[in-house]
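Coordinate analysis (summary)
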Amino acid sequence: MEKSIFTFIEKCVACKGCEIACAVEHSSDKTLFGALADNPRPRQRVRVEAAGAYSYPARCQHCQEAACIAACPMGAMTRDPDTHAVYVDSHKCVGCWMCVMVCPFGGVSADPVAKKAHKCDRCPERTAVGLDPACVAACPTKAMVFATPEEIAELRRQATAAAAAGIATTPVASSVAAWRTMKGGA
Amino acid sequence: MKPIEIPIVEKSLLAIAKSRDMGTARDRLAAMKPQCGFGELGTCCRTCYMGPCRIDPFGDGPKEGICGLSADAMVARNLLRETVGGTASHVGHARHVLLTVRDALDGKAPYQIKGEAKALTLAKLFGVATEGRAAADVVRDLLNIALQDFGRQDEQPNNWVSKRAPAAEQELWKRLGLMYSNPHNEIEMAMHATSMGNDADPVSMLMRLLKVSLVDGWTGLTLTVDFQDILFGTPEVTVTEAAVGVLEKDSVNIAAHGHNPVLSEKILEWAGKLDAEAVAAGAERINVVGVCCTGNELSMRHGVKLAAHNSQTELILTTGAVDAMVVDIQCIWPQLAQVAKCFDTAFITTDDMVRIPDARHIGFHPEHADESAQEIIRAAIDSFKRRRGKPVDIPQHKTTAVAGLSVESIVDILSKVDAADPLKPVIDNVANGNIHGFAGVVGCSSIKFRDKAMTEEMVKALLKQNVLVVTTGCTAHICGQAGLLTGAATDLYCGDGLKAVLTALGNAAGLGGPLPPVWHMGACVDNSRIVDLLGAVAGRLGVKVGQLPAVGSAPELVQEKAISIGGSFLALGVSCHIAPAPRVLGGPLVTKILTEDLQGITGAIVHVELEAQKAADWMVAHIAEKRAGLGLK
Amino acid sequence: MRIVIVGNGPAAVAAAETIRDLDGGCGIVMVSQESVPFYSPCPLAEYVEASVPRAHLFLRPESFYRDLGIETRFGLAATAVDSAARKLTLGSGAAATQLEYDRLLIAAGARAVMPPLPGLADTPGVFALKTLADAEGILARLAQVRRAVVIGSGFIGLEAAQALVRKGVAVTVIEAMGQVLPQMLDAELAALVESRLREHGVDVRTNSAAQAVLGGAAGVAAVKAGGVDIPCELVVCAAGVRPDVAWLAGSGIATAAGVLVDDRMATNLPGIYAAGDIVETNDSLGQRRVIGNWPNAVNGGRIAGLNMMGVERRYRGLDGINVVRIFDLPVSSFGGRDGERSLCRKEGGHMRKLALRNGRIVGGQFYGDVNGTGLYHELMNKGVDVGSFEDELLAPGFGIGRLMPQPPLPLRRAA
Ligand SMILES: Cc1cc2nc3c(=O)[nH]c(=O)nc-3n(C[C@H](O)[C@H](O)[C@H](O)COP(=O)(O)OP(=O)(O)OC[C@H]3O[C@@H](n4cnc5c(N)ncnc54)[C@H](O)[C@@H]3O)c2cc1C
Ligand code: SF4
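1. A word on the overall build of chain C
Summing up its helical and strand segments, chain C has eight helices and 26 strands in all. Each of the three principal axes of chain C carries a C-alpha extent, and together these read 90 × 60 × 35 Å. Buried residues in chain C amount to 54% of all 415 residues. Taking all contacts inside chain C whose residues are at least 6 apart in sequence as the whole, residues at least 24 apart take part in 61%. Summing over all exposed atoms, chain C offers an accessible surface of approximately 17,100 Å²; the carbon and sulfur share of this is 50%.

Structure, rendered in structure tokens:
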């Protein structure tokens, strides 16, 4: 199976580093300062959203049966035959926003400046050379992992086994646990 | 348990904002969420340019900074820098007041010394001769003693802390190396110690934090308040009103916002003198209302009505009825200028340090205080002329509030009960348990807690358990708006013991009813009045302040100043409840020191609790421990 | 086995591709009354305004039919179905031919409604905007057009209006109802759309029903509406679209407003299926309706193709979604407007509204910012009770995160 991005929601601290890394990756020279000079500024395709006590880097799920591909009346919303990622061919996109209307995750948005649909493309230039997508690489707590479903299943299995054996894979200090609990409150 | 509702005042103000399609801080907070966990945990360091560094709380990522700084050192360093921010604010305020007094004495600034009584009391304490001397000369001596601290490089103990702080505590501070000399040196040293490649020991930085907090407590708060009282007089009990309903549709409404009475006293003075101009412009009168702590200062000394606490500042502008909002220093949201633009409101900055885009700046310098005050008031009248006849939307809520409870005025009331030993009635009732203890509920108003009425609910829970509450700052506004600053609240909310005491005291003092259960002691700088009160009670009992059945709380922390004030309470041995959590949780050792180990050092700890009832319960339990320590049941 | 598909739109093509995917050998015949290969009608207005090149309308390569082994009968209208004999009639009169089928898919789409107004049908210069031929007709005439009248203010009418404005034509939009986009928006949002149209120079006349098209053999001269003559050289009739089921009369195929199908896209007759704009079936909330849009056509076509080949797949229902751009500003809606209550948020000239009933979202309308519409639409489709987080729904920052399952809070371990 090809790799995709998995999120371990319990590790996200909402630093929004992934948002910045994403925008930079989609800028003309792929540096932070270059990105700031771009006009229009590059926009991130991942958005860290509040999820009660947790937070969640929300982005396109690259669904197997993607509603956005079916909905696109321009043939612009496309699946990459190699990586299986869903991406927008911006030459074909007319900005009709049908994809925005049908994505059940809010994973496609309308770029008001470029007037093109805007979404995660899973960083084809990075993955082509064996790098993780920019958001994954930027995540300081490894809340996102770029891996095959089998690899993820193994990670989850190890975590459960360790928990069952009473070893915490991520020993959380009690003060950090308190922070997480309070994040739900205020 | 009944569900807690959003306070009615915010509810109606938010409805107005919504009806005008205006976003508020609540929307900006929603857009900001989720807020960065590294920031919240304190494990983000931007001190040097190898960074920024972030420490992963879960352990798979980086465990220390690039320079090797530990998570604990990182959070301690960040917290210490917050403390410096708070202390610098108050020390700056103090220095501004001192220089105004100097200019007044030199005849350069049009201010009269109104607090001769305060000057005499302090003179005695500082050994300044008073016999046969003009008040101005006494004040000048005191002023020189105060100013000496700012220039000294002799490492001798600071005059103000060593004369004003209780002796037993000074002993402890000396032992811990916390006594300071020149306040500016401490601020400089703390910034130096926390810059790249200096102090990396979390314990050392926490001790410095206490020291810098002491600078705030004595050279910030106490010094400011002492000289404000000398300049403007010591507050006396007064009755006023609170909440947005104090705005008047047909008057020129001037909202004074900020912290420094040097400006607002002049505004108030000239509002009286220029009233005829307002009437000529078609207004009923000039209505100066108080916002935030400038508001508290004016209410304490003049009974000026309290229009809004800090988190309501942008909201009261949406009424369209504020003709001018004139601001001095601290807690001024830049957003206010933007909201004012949507109305006929003149948003006027006055301090050359506080410049806000799109505000009108009328630089206010004590030497030209009269001219500037007139210019500001005329700007307000002009705004009124433009506004006249347009619809405004003022929610009608307002409540009666008793203010002006300085230590002096409290003693005054109590001496009507026992002239020889004014504190005795209070102490007796603490001993017999009618009064369980004291809570200082102070600090800011935060949109993160407002909609669940954190402060009011916590205060009510304390009253119910017979804890007498004193308050300052924006929490005083909150209590006022909730009707807690009245004798009626005693009947409504207090437990039987407290109710009986306050009723008896009120009657004995000839007030014809109970004292309010929550005592409005002033602005946030007036936290020194709370310390003075505790000091007086402790002195009378012959115990240390830290042994008293007393506790502090900043239930809606926003400002760095609340951190340094909290630090000064901790140094005194007074434990503090706080919400939200200070940004230290990413450092387990620092968290443990603040919440546990500090007990063995100064006798105080920090307790974090976000729920009103639970916070009150902890405070009550903590007081019970202190009572037990004194052998009280 | 031979599969015959009436139509060459998205429903037809999605079905053909699905069928070919499942079976490389069966015969597939596609019939279309138009003579051009598969194209998307959605950007026809942009084609008229020249922001989309003609080549972009065609969504498949030229070799598409050859590559998939599809036989085509283009330029021929299907005119009757003999379900007993399993035969489809193409053309009429002497030229009529018949085509045998084992399975039949009816994906003939909808037709533009042309109201029976004097002069509408026979005056040169009157067009619908439904097919490529319509668009090319408008383009061919454009050189002689200074003023145009658009009849109808549905999304096609408004798209036509802006395309013409961008071509330098003075445009009047007439609408019989009291507001523009009456199917899609309530009066408050429609008023915003109207003022934006006016800002861009469109003369919008509501409560103004077209009465006649004036002119002669040389072309249109005016449209009479609400008692006044509006002079023009071009008329775009955008009075709505409707399934054309007249030719199915007598076939035994059950129809109402459209061809009735079940959730397998099967009609009442064995072996006969229908998909796309022509069908009438349940929407995602179980209400029987005709809702023509691209996703419904593609999804319906795919479901039909699967079921025709014996792979049972059920359709979750038509999606009632609309989106249109008013001079680049997006406006969208979904579901109904008949809630018990509505939530509304206005900010920076944008407006978002949700209709609620029984704690559930039953519809939404968005002006200016349509991001997240799909998420609200999904909440409606799933019947999620939003009562507990109602205030958050329209607040900035609301997103899928709010709906994520949350792990248990971490255990507090000793520091
Ligand atoms: C200007 C315009 C803009 C649009 N914009 C959007 C949009 O932004 N988003 C969206 O979702 N939808 C939009 N739509 C609607 C969308 O194009 C249709 O919903 C979709 O094309 C329907 O697909 P279909 O396959 O059912 O029918 P159609 O695409 O209409 O195809 C019908 C096919 O059947 C053929 N046919 C019809 N009758 C017969 C017959 N009797 N015999 C043989 N062949 C026949 C036709 O020639 C055609 O090939 C737009 C439509 C128009 C006209
Ligand atoms: S906005 Fe672009 S990608 Fe999305 S459906 Fe429309 S044309 Fe396709």
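This is not the end of the story, as more comes after the structure.
2. Considerations on the nonpolar core
Grouped together as the largest cluster of nonpolar side chains are 187 residues, with contacts concentrated most on Trp173, Phe227, Ile286 and Leu462 of chain B. When residues in this core are grouped by element, the largest group, 16 residues, is from helix H10 (residues 202-232) of chain B. In terms of nonpolar packing, the next biggest core, distinct from the first, is built from 91 residues, Val48, Val52, Val150 and Phe327 of chain C among them.

3. Some points on the packing of aromatic side chains
Counted under the stated rule, the structure contains 12 aromatic pairs over all chains. Geometrically, the ring pair formed by Trp160 of chain B and Phe227 of chain B is tilted, given 5.6 Å between the ring centres and 45 degrees between the ring planes. Of this pair, Trp160 of chain B sits in helix H7 (residues 159-164) while Phe227 of chain B sits in helix H10, and the two are 67 residues apart along the sequence. On the basis of relative accessible area, Trp160 of chain B is assigned to the buried category, the value being 0%. Ring-pair connections join several aromatic residues into one group, and the members of that group are Phe334, Phe366, Tyr376, Phe389 and Phe398 of chain C. Its end group placed over the ring of Tyr111 of chain B, Lys266 of chain B keeps NZ or CZ at 4.9 Å from the ring centre. Here the guanidinium or amino end of Lys273 of chain B rests over the ring plane of Trp270 of chain B, the centre of that ring lying 4.4 Å away.

4. Description of the pattern of salt bridges
All names here are of chain B. A complete count under the given rule lists 75 salt bridges over all chains for this structure. Two residues, Asp451 and Arg26, come together in a salt bridge whose shortest N-O distance is 2.8 Å. In this pair, Asp451 sits in the loop between helix H19 (447-450) and helix H20 (454-464) while Arg26 sits in helix H2 (residues 25-32), placing the two residues 425 residues apart along the sequence. The residue Arg152 makes a salt bridge to Asp149 at a minimum N-O spacing of 2.7 Å. Relative accessible area serves as the criterion here: at 8%, Arg152 is assigned to the buried category. A relative accessible area of 2% means that Asp149 is categorised as buried. Through salt bridges with shared partners, a single network forms among Lys118, Arg164, Asp226, Asp229, Glu297, Arg301, Glu408, Asp526, Arg529 and Asp532.

5. Some points on the site of ligand 1
Around ligand 1 sit 32 residues, and of these Glu34, Ala78, Ala108, Asp277 and Trp294 of chain C come closest. In this structure ligand 1 sits where residues from chains A and C come together. One nitrogen or oxygen atom from the main chain of Asn8 of chain C is found 3.1 Å from an oxygen atom belonging to ligand 1. In the model, an oxygen atom of ligand 1 is placed 2.7 Å from a nitrogen or oxygen of the Glu34 of chain C side chain. Of all elements in the fold, only helix H1 (10-22), strand E2 (27-32), helix H5 (155-166) and helix H7 (294-308) of chain C reach the threshold of two or more residues within the shell around ligand 1. There are two domains that each give the shell around ligand 1 at least three residues, and those are domain 1 (2-112 + 242-308) and domain 2 (126-239) of chain C.

6. With respect to the site of ligand 2
Taken together, 14 residues lie near ligand 2, and Cys72, Cys93, Cys96, Trp97 and Cys99 of chain A sit nearest. Taken together, the residues of the shell around ligand 2 break down into 13 nonpolar, one polar and no charged.

7. Thoughts on the confidence of the model for chain C
Chain-level statistics for chain C give a pLDDT mean of 95 and a share of 99% at 70 or above. Here the complex is predicted with pTM 0.85, and the ipTM for its interfaces comes to 0.94.

8. Section: the interface of chain C and chain A
If you look at the interface, chain C gives 44 residues, while chain A gives 44 residues. Of the roughly 3,500 Å² buried between chain C and chain A, counting both surfaces, carbon and sulfur atoms make up 64%. Connecting chain C to chain A are one salt bridge. Of the charged contacts in the structure, one is a salt bridge between Arg313 of chain C and Glu65 of chain A, with a shortest N-O distance of 3.2 Å. On inspection of chain C and its partner chain A, the count reaches 15 residue pairs in polar contact (both at pLDDT 80 or more). Among the elements of the structure, H7, strand E22 (321-326), strand E23 (329-335) and helix H8 (373-382) of chain C are those that each provide at least two residues to the side of chain C that touches chain A. Here the residues of the side of chain C that touches chain A are counted per class, giving 21 nonpolar, 15 polar and eight charged.

9. Looking at the sheet that holds strand E24 (residues 341-347) of chain C
All names here are of chain C. If you trace the five strands from one edge of the open sheet to the other, you get E22-E23-E26-E25-E24, paired in antiparallel fashion. Since the sheet does not close on itself, it has two edges, and those belong to E22 and E24, each with one partner. Averaged over all adjacent pairs, the angle separating strand axes in this sheet is 15 degrees, with direction ignored. Here E24 runs beside strand E25 (residues 350-357); their pairing, made up of seven bridges, is antiparallel. Within the sheet, the bridge partner assigned to Leu343 lies in E25 and is Leu354. On top of the sheet, H8 reaches E22, E23, E25 and strand E26 (360-367); it is set at about 160 degrees to E26, its chief contact.

10. A few points about the interface of chain B and chain A
If you look at the interface, chain B gives 23 residues, while chain A gives 26 residues. Taking both sides of the interface into account, the surface hidden between chain B and chain A amounts to around 2,100 Å²; carbon and sulfur atoms contribute 68%. If you look at where chain B meets chain A, you find five residue pairs in polar contact (both at pLDDT 80 or more). If you list the elements that add at least two residues to the side of chain B that touches chain A, you get helix H3 (37-41) and helix H26 (588-595) of chain B. Among the elements that make up the side of chain B that touches chain A, the one with the highest residue count is H3 of chain B (four residues). Here the residues of the side of chain B that touches chain A sort into 14 nonpolar, four polar and five charged.

11. Observations regarding helix H18 (residues 424-431) of chain B
Residue and element names in this part refer to chain B. By the burial criterion, the buried members of H18 are Pro425, Val426, Ile427, Asn429 and Val430. In this structure, the buried residues of H18 make contact with helix H17 (407-415), strand E11 (437-441), helix H23 (496-508), helix H24 (527-541) and helix H27 (612-629). Following H18 by one or two positions, Gly433 adopts a phi angle in the positive range, close to 90 degrees.

12. Some remarks on the sheet that holds strand E9 (residues 126-127) of chain C
Residues and elements named next belong to chain C. Pairing in this open sheet of five strands is parallel, and the strands run E9-E16-E10-E11-E12 from one edge to the other. With partners counted over all chains shown, the strands left at the sheet margins are E9 and strand E12 (203-205), one partner each. Both strand E10 (residues 147-151) and strand E11 (residues 170-174) contribute to a ladder of five bridges, which runs parallel. Opposite Val149, over in E11, you have Thr172 as the bridge partner.

13. Structural notes on the domain arrangement of chain C
All names here are of chain C. What the domain assignment reports for chain C is domain 1 (2-112 + 242-308), domain 2 (126-239) and domain 3 (328-403). Using C-alpha coordinates to define each centre, domain 2 is positioned 31 Å away from domain 3. On the domain 3 side, the residues contacting the 12 residues of domain 2 number 12 residues. Of the roughly 1,100 Å² buried between domain 2 and domain 3, counting both surfaces, carbon and sulfur atoms make up 51%. For the domain 2 face of the interface with domain 3, the top three residues by lost area are Met184, Leu189 and Arg196, together amounting to 43%. Our enumeration of links across domain 2 and domain 3 arrives at four salt bridges. In this structure, Glu188 and Lys346 form a salt bridge, with 3.8 Å as the shortest nitrogen-oxygen distance.

14. Focus on the packing of helix H4 (residues 71-105) of chain B against helix H25 (residues 560-572) of chain B
Residues and elements named next belong to chain B. As a packed pair, H4 and H25 sit with axes 7 Å apart at the nearest point and diverge in direction by 95 degrees. On the basis of the axis angle, H4 is roughly perpendicular to H25. Where H4 abuts H25, its residues Leu79, Arg81, Glu82, Thr83, Gly85, Gly86, Thr87, Ser89 and His90 lie against Glu560, Lys561, Ile563, Ser564 and Ile565. Tallied by class, the residues present in the contact of H4 with H25 amount to three nonpolar, seven polar and four charged.

15. Focus on unusual backbone geometry
All names here are of chain B. The residue after Lys33, namely Pro34, is reached through a cis peptide bond having omega 0 degrees. Locating Pro34 in the fold gives a position in the loop between H2 and H3. Put simply, Ala579 and Pro580 share a cis peptide bond, and its omega is -5 degrees. Looking at where Pro580 falls in the secondary structure, it is placed in the loop between strand E15 (576-578) and H26.

So, how was this worked out
- Residues numbered from 1 in each chain as written.
- Chains lettered and ligands numbered in written order.
- Predicted model: local features only at pLDDT ≥ 70, side-chain atom pairs only at ≥ 80, totals over all residues.
- Heavy atoms only, no water.
- Helix = DSSP H or I, 4+ residues; strand = E, 2+ residues; numbered from the N terminus.
- Buried < 20%, exposed > 50% of the residue type's maximum accessible area, 1.4 Å probe, protein only.
- Contact = heavy atoms within 4.5 Å.
- Areas by Shrake-Rupley, 256 points an atom, 1.4 Å probe, with all protein chains shown as cover.
- Core = buried A, V, L, I, M, F, W, Y, C linked by side-chain atoms within 4.5 Å.
- Phe/Tyr/Trp six-rings, centres within 6.5 Å; stacked < 30°, edge-to-face > 60°.
- Lys NZ or Arg CZ within 6 Å of the ring centre and 35° of its normal.
- Salt bridge = Lys/Arg side-chain N within 4 Å of Asp/Glu carboxyl O.
- Near = heavy atom within 4 Å.
- Polar contact = N/O pair within 3.5 Å; in protein donor to acceptor, adjacent residues only side chain to side chain.
- Domains from an automatic or database assignment.
- Nonpolar A, V, L, I, M, F, W, Y, C, P; charged D, E, K, R; others polar.
- pLDDT = per-residue confidence, 0-100.
- Buried area = accessible area lost by both parts, 1.4 Å probe.
- Pairing = 2+ DSSP bridges.
- Axes fitted to C-alpha atoms, helices over the stretch in contact; angles between N-to-C directions.
- Parallel < 35°, antiparallel > 145°, perpendicular 65-115°, else oblique.

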